[in-house]
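Chain and residue survey
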Amino acid sequence: MTLNASELPWDESSGLEPFLPLDLQESSSPPEVPPLTIWGVTLCVSGTLIATENAIVVTTILVTPSLRAPVFLLLASLGLADLLAGVALILHFLFRFCVEPSDWSELLTSGLLVTSLTASLCSLMGVALDRYLSLSQALTYGSSQSRCRAATLLLLVWLGACVIGAGPAMGWHCLEEPNSCSVARPLTRTYLSLLCGGFLMVVIVTLQLYAGICRVARRHAHAIATQRHFLPTNQPYPSRHSSGKGFSRLILILSVFVGCWMPFSLWGLLGDASSPPLYTYATLVPAAGSSLLNPILYSLRNKDIRKVLLHACCPHRFSHSTHTHYPVDV
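Residues numbered from 1 in each chain as written. Predicted model: local features only at pLDDT ≥ 70, side-chain atom pairs only at ≥ 80, totals over all residues. Heavy atoms only, no water.

Threshold: UniProt positions are given in the numbering used here, feature names are shortened, and annotations may be inferred rather than shown by experiment.
The name recorded for the chain in an unreviewed UniProt entry is G-protein coupled receptors family 1 profile domain-containing protein, from Characodon lateralis. What the UniProt record of the chain gives under Subcellular location (unreviewed entry) is the line "Cell membrane".

Next up, the structure:
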């Protein structure tokens, strides 16, 4: 997505291009490839890292038959979405700094970014839903029916993400009407407002799911402590150390989640085409950075995935052993 510049005097040292109306662009000389900037190098490196680590996660889940529980389907979907986000950043770098920029390249990278970020955010909500169901419906969790429901949910998520991401290519862009542009060109203000409004709704639903997880976990911990006499009945947790560790982990996940998605969602609703592009970069970078942190916070923390990766790296030291999957550990 290309950003609109403000009407203030432009600083060429910033490395960002000012926005010009289409009629001025047509009357000027043919577009030239802009010089390489620190931002461009950072964009390419971060996109490469995102694509590499998520490709490892997706490949690990797909080639391991034992990783077929609903949560692994959700983690594979999350990894695929973040992988596409990394590819979109690399393509944006190539189209911007290696070849002459064009309208179709802007529409392609914008649509791919919207699709990947939408699927990534919905997959994060799916992971939260999986954690909630694994606690509230522990006896039936992991059954074939649960896997079918998870696969159906992911199919709907990706169909919806593709439809939303196809909006710019289907004509919902501002290339012909610069006055309708949002803070992220070529997306229109109406399109980005609806998109960011949907992002905020998903964030709120995800936070509600994690609040439900806390309530269910507290009830389970209190019941276990009471039945096994680990602690007096007036103590809500069986272990202060374990509960504190789990609470700190939950706070970390929620802080990263909200910190990555809230800024751009709010800025997309409040900003307009005349807003300084630096603000858009400052809010869009955390959203893209979520794709870099998701494999670390979700996939690589899972014991089953770590065992597969360790076995692949050191097959003589680590061997596959029979293990039981605990979905709430994800």
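Details of the packing of aromatic side chains
Rules: Here a Phe, Tyr or Trp ring, Trp counted by its six-membered ring, pairs with any other such ring whose centre lies within 6.5 Å, and the pair is stacked when the planes are under 30 degrees apart, edge-to-face when over 60, and tilted otherwise. Burial classes follow relative accessibility: with a 1.4 Å probe on protein chains only, a residue under 20% of its type's maximum area counts as buried, one over 50% as exposed, and anything between as partly exposed.
Counted according to the given criterion, the structure contains five aromatic pairs. Centroid distance Phe95 to Trp104: 5.2 Å. Interplanar angle 70°. Geometry classified as edge-to-face. Given a relative accessible area of 55%, Trp104 falls into the exposed group. Residues Trp172 and Tyr191 carry aromatic rings whose centres are separated by 5.1 Å and whose planes lie at 70° to one another, so their mutual orientation is edge-to-face.

Regarding the pattern of salt bridges
The condition that has to hold: Here, a salt bridge means any side-chain nitrogen of Lys or Arg that lies within 4 Å of a carboxyl oxygen of Asp or Glu. Under the scheme used here, helices are H or I runs from DSSP no shorter than 4 residues and strands are E runs no shorter than 2 residues, and both carry numbers assigned from the N terminus.
Counted under the stated rule, the structure contains one salt bridge. Its salt-bridge partner being Glu106, residue Arg185 comes within 3.0 Å of it at the nearest N-O pair. One end of the pair, Arg185, is in strand β2 (residues 184–185); the other, Glu106, is in helix α4 (residues 103–136), and 79 residues separate them in sequence. Note on Arg185: relative accessible area 4%, which makes it buried. Judged by its relative accessible area of 14%, Glu106 is buried.

Brief notes about the state of the cysteines
Put simply, the rule reads: Disulfides are defined in this document as cysteine sulfur pairs within 2.5 Å.
Under the counting rule described, the total for this entry stands at one disulfide. Disulfide pairing places Cys174 opposite Cys181 at an S-S distance of 1.9 Å. For the disulfide bridge between Cys174 and Cys181, the dihedral angle about the S-S bond is near 95°, and by the sign convention the bridge is right-handed. Assessed through its relative accessible area of 0%, Cys181 is described here as buried. Unpaired in this structure, Cys98 has its nearest cysteine sulfur neighbour in Cys44, at a distance of 7.7 Å. Residue Cys98 is classed as partly exposed on the basis of its relative accessible area, which comes to 46%.

Quick word on helix α8 (residues 277–299)
Convention followed: The span you would expect from a helix comes to 1.5 Å times its residue count less one. Here the bend at a residue is taken as the angle between two axes, fitted respectively to the seven residues that end there and the seven that start there.
Between its terminal C-alpha atoms α8 stretches 33 Å, which fits the 33 Å expected from 23 residues at 1.5 Å a residue. If you look at α8, its biggest bend is around 45°, right at Leu293, and the proline Pro295 turns up within four residues after that.

Thoughts on the UniProt feature "transmembrane region" (unreviewed entry) in the chain
UniProt records the feature "transmembrane region" (unreviewed entry) for residues 38–64, 71–95, 107–129, 150–171, 191–211, 250–269 and 281–300 in the present numbering. Along residues 150–171 one finds 73% helix and 0% strand; the C-alpha atoms at either end are 33 Å apart. Segment residues 250–269 splits into 100% helix and 0% strand. End C-alpha atoms: 28 Å apart.

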